[in-house]
Amino acid sequence: MKRPHSPANTNSGDSSDGSVRESRSKERPQDEGRAAGGARVPDRDPRDKKYRGDYDDFPHHPLSPRAQRQQQLQEQTADARPTPAGGAYIPPARLRALQKNITDKKSVEYQRMTWEALKKSINGLVNKVNTGNIKLIVPELFSENLVRGRGLLCRSLMKAQAAALPFTPVYAALIAIVNSKFPQIGDLLLSRLVTQYRRAYKRNDKTVCIAVSKFIAHLVNQKVAHEILALQILTLLLERPTDDSVEVAVGFMREVGSYLCDVSSKAANAVFERFRTILHEGTIDKRTQYMVEVLFQVRKDNFKDNDPIHPDLELVEDEDQITHPVSLDDTNLEILDGLNVFKYDPDYEENENKYALIRKEILGDSDEEDDENGDDEDEGDDEGEDDEDAAEAMKKAREQIQIQDETNTTLINLRRGIYLTIMSSLNFEECAHKLMKLGIQDGQEIEVCNMIIECCSQERTYVNFYGLLGERFCRLNPGWQNAFAACYEEVFKTVHRYETNRLRNIAKFFAHCLATDALTWNVFALVRLTETDTTSASRIFLKILFEELNSSMGLARLKARLSDPEMVINVDRGDGTTVSRGVFDGLFPKDNPRNTRFAINYFTSIHLGALTTDLREHLKNAPKLIMQQRQEVDSSDTDSSDDSSDSSDSSDSSDSSDSDSTSSSATESSSSSGSSVDSRDRRRGKKRDEKTDKRKK
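Within each chain, residues carry numbers counting from 1 in the order of the written sequence. Side-chain atom pairs in this predicted model are given and counted only at pLDDT of 80 or more, local residue features only at pLDDT of at least 70, and totals for whole chains, interfaces and linings cover all residues. Computation of side-chain values: all heavy atoms of the structure, hydrogens and water removed.

**Brief notes about the overall build of the protein chain**
The following threshold applies: Here a strand is any run of E in DSSP of at least two residues, a helix any run of H or I of at least four, and the numbering for each starts at the N terminus. Exposure is judged per residue with a 1.4 Å probe applied to protein chains only, and the accessible area is read against the type maximum: over 50% gives exposed, under 20% gives buried, and values in between give partly exposed. Between two residues, a contact is recorded if the distance between any of their heavy atoms is within 4.5 Å. The Shrake-Rupley method, run with a 1.4 Å probe, gives the accessible areas here. Residue values count only the displayed protein chains as cover.
From N to C terminus, the protein chain includes 27 helices and 4 strands. A burial count over the protein chain gives 34% of its 697 residues as buried. Long-range pairs, those at least 24 residues apart, make up 72% of the contacts in the protein chain between residues at least 6 apart in sequence. In the structure as shown, the protein chain presents an accessible area of about 43,600 Å², 48% of it carried by carbon and sulfur atoms.

See the structure below:
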């Protein structure tokens with residue numbers, strides 16, 4: 001508990017404190033230790049206690065060797081200021097002076113200097129290109145080493161397009177021109193765009209997806225990318241629709257829809273049907289539904305405000321353009337990020353000379369001609385020889401630059417393109433025209449034929465579209481006809497692998513080609529209709545084939561064609577010699593009565609017994625033919641054995657008696673077989689009469 005102060009104590013305390021303050025103020029002079037402004041100045045340096053001297057008298061310790069090296073480095077780079085990128089900033093005047101001193105083209109400094117100049121030039125040209133000056137920018141761009149800076153060009157185009165989406169058609173037209181001369185640049189750009197789209201899709205980055213999809217759409221319009229890539233993107237976006245995915249798909253379809261309707265109308269209709277289904281389901285937001293409705297209105301107006309290519313940007317001919325079959329699900333895309341950074345090139349001068357030749361062919365040598373107007377004729381001749389050498393060197397450079405794919409990627413892409421072309425065509429004429437535009441090379445015709453047959457077999461029922469398509473290709477040239485004949489042989493050999501429905505469609509396809517004489521009938525030469533040489537699947541295949549031929553040609557024409565004596569084929573025996581036989585000898589075998597009966601019964605069971613008239617006659621006359629053959633053999637034996645003994649004569653007589661007995665037995669068997677056939681016909685006739693009598697009653 002505090003004790004209260006009394007007034008007396010308080011006054012006494014105050015007086016004591018005041019006396020103390022007065023005594024202190026008297027002891028301290030007022031003008032000492034004060035500056036003019038009233039600030040206190042220390043009487044002496046507080047560090048005097050430690051150093052006991054002025055600032056100049058502070059002790060200096062000797063520097064270590066490492067500190068000395070750092071000090072020298074700082075003195076050498078006194079004018080260089082570090083930049084945010086980590087390098088050192090050099091003033092332009094000093095940079096030009098340093099560049100003049102560097103003359104060795106094999107040095108790293110010189111190549112780095114040219115690399116920076118190349119990057120600056122490409123970025124500048126890409127940033128200032130537009131619809132009006134693209135024709136002027138392209139020659140300047142080709143004057144730069146695009147083979148060395150292809151990574152810089154692709155990166156600059158992608159950055160510029162992402163920053164300015166309205167200029168996407170201009171950038172697509174620019175890369176289309178470059179792609180016509182350097183296809184590897186177009187392939188690299190597509191690979192990077194597809195990879196970037198995958199990453200953005202997985203990260204749900206809507207902004208990047210919209211930018212990249214718009215760039216891809218205009219590359220498809222310029223035919224740098226195949227329409228398969230556009231269809232794959234639409235399928236991915238609409239497979240599991242959300243508000244963002246449908247919005248991206250609508251924007252993508254508005255850019256590429258006109259081109260898809262012209263090139264692949266069936267696929268475009270399927271995409272719009274998917275949009276209609278999403279709209280009817282009502283699972284998306286009202287704003288997104290309105291965007292889909294606007295898309296249908298744009299389609300109704302035939303995309304009049306969304307032309308595939310602006311007239312001022314249509315600068316490459318269709319035959320000069322190179323289309324890259326890059327797919328969205330390709331796993332071997334090479335983005336080559338190492339091309340974006342500087343790398344030392346030991347063959348720098350040689351590569352620069354090679355590109356100079358390529359640039360000369362692309363841009364011409366008009367500038368050089370102006371400088372050479374005053375030269376003599378001898379110099380002109382020398383230059384002509386130099387031009388020939390330059391052309392040869394340029395060809396070698398192109399061979400080195402060209403990339404050859406030894407994997408099956410090209411074949412897989414070809415099959416994918418054939419399948420999508422077939423599925424997206426309205427009629428067989430359009431399909432045949434599109435397939436011929438795919439650039440089928442020599443030896444790849446069999447792939448087209450196999451894909452047509454495969455697509456035909458996958459249908460639920462036979463579609464006459466495939467038969468007409470096969471007929472059209474067979475009538476183009478004998479090469480396609482031979483390819484379909486090879487496909488028939490392969491199918492017949494592996495017919496047991498097919499299901500019944502697929503087997504039926506394939507049989508009807510070949511029946512159409514045979515009935516129209518588009519496919520040669522020599523394909524029947526590999527068929528041998530016997531019990532041991534056929535299977536249940538092959539017999540079903542032949543049944544459907546001949547039923548279709550009967551319905552298309554008629555029984556009379558079919559029989560006349562199968563009985564044509566001019567249908568002969570030469571067969572190689574294997575020892576270098578050939579033998580000719582009928583094309584249809586395998587269908588109607590006459591080598592063995594058992595095989596003959598099997599063929600007769602087979603055609604009779606499929607209601608084509610009229611085709612076996614010759615076989616029935618042959619079967620009736622078979623015993624007589626056998627007897628005649630044996631008699632001829634016996635007569636030849638008797639003529640050759642004139643000097644034989646009586647025992648041989650007796651043996652000959654016994655042989656003749658045996659042959660007579662066998663011939664008599666054969667005639668009896670033939671008569672019995674004939675009588676059995678007659679009795680069978682009588683029984684069938686009686687049954688028919690009984691049925692007609694019952695119907696009358």
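**Side note on a negative patch on the surface**
Condition: For patches, a residue must show more than 30% relative accessible area and have no salt bridge; joins then use 9 Å for like charges and 5 Å for nonpolar side chains, namely Val, Leu, Ile, Met, Phe, Trp and Tyr. When a carboxyl oxygen of Asp or Glu is within 4 Å of a side-chain nitrogen of Lys or Arg, the pair counts as a salt bridge. Counted charges follow a simple rule, with Lys and Arg positive, Asp and Glu negative, and His plus the chain ends left uncounted. For charged residues, the charge sits on one atom: NZ in Lys, CZ in Arg, CG in Asp, CD in Glu.
A cluster of like negative charges, contributed by Glu314, Glu317, Glu319 and Asp320, occupies part of the molecular surface. Structurally, Glu314 is set in the loop between α13 (286-300) and α14 (348-363).

**Here's the deal with the environment of Tyr110**
For Tyr110, the position within the fold is in helix α4 (residues 108-128). Separated by 234 residues in sequence, Tyr110 and Tyr344 have C-alpha atoms that sit 10.0 Å apart. Filtering out sequence-adjacent residues up to four positions away, Tyr110 remains in contact with Ile102, Asp104, Lys105 and Tyr348.

**Notes on helix α8 (residues 183-202)**
Because the α-helix completes a turn every 3.6 residues, residues three or four places apart line up on one side. Rules: Working rule for helices: expected span equals 1.5 Å times residues minus one.
With 20 residues, α8 ought to run about 28 Å at 1.5 Å a step, and its terminal C-alpha atoms sit 29 Å apart, in line with that. Where α8 terminates, the next one or two residues include Asn204, which has phi positive at roughly 60°.

**Concerning the nonpolar core**
Operational definition: Nonpolar core, defined: a set of buried Ala, Val, Leu, Ile, Met, Phe, Trp, Tyr and Cys residues in which side-chain atoms within 4.5 Å join the residues together.
By size, the foremost hydrophobic cluster in this structure holds 82 residues, and its most contacted members are Leu219 and Phe275. Among residues more than four places away in sequence, those in contact with Phe275 are Leu238, Val246, Ala249, Val250, Met253, Val292, Leu295 and Phe296. Counting 69 residues, the second-largest nonpolar core is a separate cluster that includes Cys474, Leu542, Met553 and Val583.

**Regarding a nonpolar patch on the surface**
On the surface, Ile90, Leu95 and Leu98 cluster together to form a nonpolar patch covering roughly 210 Å² of accessible area. Assignment of secondary structure puts Leu95 in helix α3 (residues 92-101).

**Details of the packing of helix α22 (residues 500-515) against helix α23 (residues 536-553)**
Note the cut-off: Axes, fitted as lines to C-alpha atoms, cover a helix only where it is in contact. Angles between the N-to-C directions of the axes lie from 0 to 180 degrees. Orientation is classified from the angle alone, with under 35 degrees giving roughly parallel, over 145 giving roughly antiparallel, 65 to 115 giving roughly perpendicular, and any other angle giving oblique. Take the far helix as the reference: if the near one is turned anticlockwise from it by less than a right angle, the crossing is left-handed, and if turned clockwise, right-handed.
It is at 8 Å that the axes of α22 and α23 come closest, and there the two elements cross at 40°. Comparing their axes, α23 and α22 come out oblique. The two elements α22 and α23 cross, and the hand of that crossing is right-handed. Listed contacts from α23 to Leu503, Arg504, Ile506, Ala507, Lys508, Phe510, Ala511, Leu514 and Ala515 of α22 are Ala537, Ile540, Phe541, Ile544, Leu545, Glu548, Leu549, Ser552 and Met553.

**A word on the pattern of salt bridges**
Tallied over the full model, the rule gives 17 salt bridges. Between Glu116 and Lys119 there is a salt bridge, with its nearest N and O atoms 3.6 Å apart. With Glu116 and Lys119 both in helix α4, this residue pair falls 3 residues apart, about one helical turn. Here Glu116 falls in the partly exposed class, since its relative accessible area comes to 39%. A relative accessible area of 23% means that Lys119 is categorised as partly exposed. The salt bridge involving Asp591 is made with Arg528; its shortest N-O contact spans 2.6 Å. In this pair, Asp591 is assigned in the loop between β4 (578-582) and α25 (593-605) and Arg528 in the loop between α22 and α23, connecting sequence segments 63 residues apart. Here the salt bridges do not stand alone but share partners, grouping Lys206, Asp244, Glu247 and Arg287 into one network.

**Some points on the side chain of Asn221**
Going by this rule: What qualifies as a polar contact is a pair of N or O atoms within 3.5 Å, subject to a donor-acceptor requirement within protein and to the restriction that residues adjacent in sequence count only when both atoms come from side chains.
For Asn221, the location among the structural elements is in helix α9 (residues 206-221). At 3.3 Å, the side chain of Asn221 forms a polar contact with the backbone oxygen of Pro308. Filtering out sequence-adjacent residues up to four positions away, Asn221 remains in contact with Glu255, Val256, Tyr259, Pro308 and Ile309.

**Observations regarding the packing of aromatic side chains**
So the rule is basically this: Note on aromatic pairs: the rings of Phe, Tyr and Trp (six-membered ring only in Trp) are paired at centre separations within 6.5 Å, and the planes decide the class, stacked below 30 degrees, edge-to-face beyond 60, tilted for the rest.
One pass over the structure, following the stated rule, counts 23 aromatic pairs. Ring plane angle 85° and centroid distance 5.2 Å describe the contact between Phe465 and Tyr466, whose orientation is recorded as edge-to-face. Here Phe465 matches Tyr466 in class, with each residue buried. A ring pair is formed by Tyr488 and Phe510, whose centres lie 5.1 Å apart and whose planes are at 85°; its orientation type is edge-to-face. Placement of Tyr488 in helix α21 (residues 478-493) and of Phe510 in helix α22 is noted, with a sequence separation of 22 residues between them. A relative accessible area of 1% means that Tyr488 is categorised as buried.

**Examining the environment of Tyr355**
Within the secondary structure, Tyr355 is located in helix α14. Beyond its immediate chain neighbours, meaning those up to four positions away, Tyr355 contacts Phe142, Ser143, Glu144, Asn145, Leu146, Val147 and Phe182.

**Let's talk about the state of the cysteines**
By definition, a disulfide links the sulfur atoms of two cysteines through a covalent bond. Inclusion rule: To count as a disulfide, a pair of cysteine sulfur atoms needs to be within 2.5 Å.
In the structure shown here, the tally under the stated rule is 0 disulfides. There is no disulfide at Cys474, and the cysteine sulfur nearest it, in Cys513, is 5.0 Å away. Cys449 provides the cysteine sulfur closest to Cys487, a residue in no disulfide bond, and the two sulfurs are 4.7 Å apart.

**Some points on the environment of Val463**
If you trace the backbone, Val463 turns up in the loop between α19 (445-458) and α20 (464-474). Taking the relative accessible area as the measure of exposure, Val463 reaches 31% and is therefore partly exposed.

**Comments concerning the confidence of the model for the protein chain**
Cut-off, in case you're wondering: Confidence per residue, as judged by the predictor, is encoded in pLDDT with a range of 0 to 100.
For the protein chain, per-residue confidence averages 79 on the pLDDT scale, and 71% of positions sit at 70 or higher. Counted against residues more than four places away or in other chains, residues 45-60, with its pLDDT under 50, gives 8 contacts. Contacts of residues 643-677 to residues separated by more than four positions or lying in other chains number 7 contacts, the stretch itself having pLDDT below 50.

**Let's talk about unusual backbone geometry**
Positive phi values are uncommon outside glycine, yet Asn302 reaches one of about 60°. You can see Asn302 is positioned in the loop between α13 and α14. Its relative accessible area of 61% is what places Asn302 among the exposed residues.

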